[in-house]
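The lines below spell out each chain.
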Amino acid sequence: GCGGSSGGANGWPEETSAAFSNACVLNAEESGADPDSAQDYCSCALTELERRYSATEFAEIEQKMMRGEATDLDMTDLAEICLS
């Protein structure tokens, strides 16, 4: 990981970052990852997302995902970066 960052590069509120991390870790563990690996992956994914999107942009992407709409967020791309 890249260490803890409170208030990411694009000024993500702490609760947005925490909510993403919690959901990410839960999903990773449900997919069979051990807690440490899940934490490492999600920390990396969050750092990448904060680098690419503002908090507002990410909130819009999240809303689209919940509605089942396509977004320009490629989670496979994140996985390749963070799992390599």
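For the structure itself, look to the data block above.
Because the structure is predicted, anything quoted here is derived from the model rather than measured.

Caption draft 1: A look at a negative patch on the surface. A cluster of acidic residues, Glu29, Glu30, Asp34, Asp36 and Asp40, forms a negative patch at the surface. Among the elements of the structure, helix H1 (14-30) and helix H2 (35-52) are those that each provide at least two residues to the negative patch.

Caption draft 2: Layout of the packing of aromatic side chains. According to the stated counting rule, one finds two aromatic pairs in the structure shown. Three or more aromatic residues joined by ring pairs make a cluster, and in this case those are Trp12, Phe20 and Phe58.

Caption draft 3: Just the nonpolar core, in detail. Core analysis: the largest hydrophobic core is formed by 19 residues, its most contacted members being Phe20, Tyr41, Leu49, Phe58 and Leu73. Contributing elements (two or more residues each) for this core: H1, H2, helix H3 (55-66) and helix H4 (75-83). For this core, the element with the most residues is H2, which contributes seven residues. Apart from residues no more than four positions distant in its own chain, Tyr41 is found in contact with Cys24, Met75, Leu78, Ala79, Cys82 and Leu83.

What counts, and where the lines are drawn
Residues numbered from 1 in each chain as written. Predicted model: local features only at pLDDT ≥ 70, side-chain atom pairs only at ≥ 80, totals over all residues. Heavy atoms only, no water. Patch = residues over 30% accessible without salt bridge, like charges linked within 9 Å, V, L, I, M, F, W, Y side chains within 5 Å. Areas by Shrake-Rupley, 256 points an atom, 1.4 Å probe, with all protein chains shown as cover. Salt bridge = Lys/Arg side-chain N within 4 Å of Asp/Glu carboxyl O. Lys, Arg positive; Asp, Glu negative; His and termini not counted. Charge placed at Lys NZ, Arg CZ, Asp CG, Glu CD. Helix = DSSP H or I, 4+ residues; strand = E, 2+ residues; numbered from the N terminus. Phe/Tyr/Trp six-rings, centres within 6.5 Å; stacked < 30°, edge-to-face > 60°. Core = buried A, V, L, I, M, F, W, Y, C linked by side-chain atoms within 4.5 Å. Buried < 20%, exposed > 50% of the residue type's maximum accessible area, 1.4 Å probe, protein only. Contact = heavy atoms within 4.5 Å.

The values are spatial; any link to function lies outside them.
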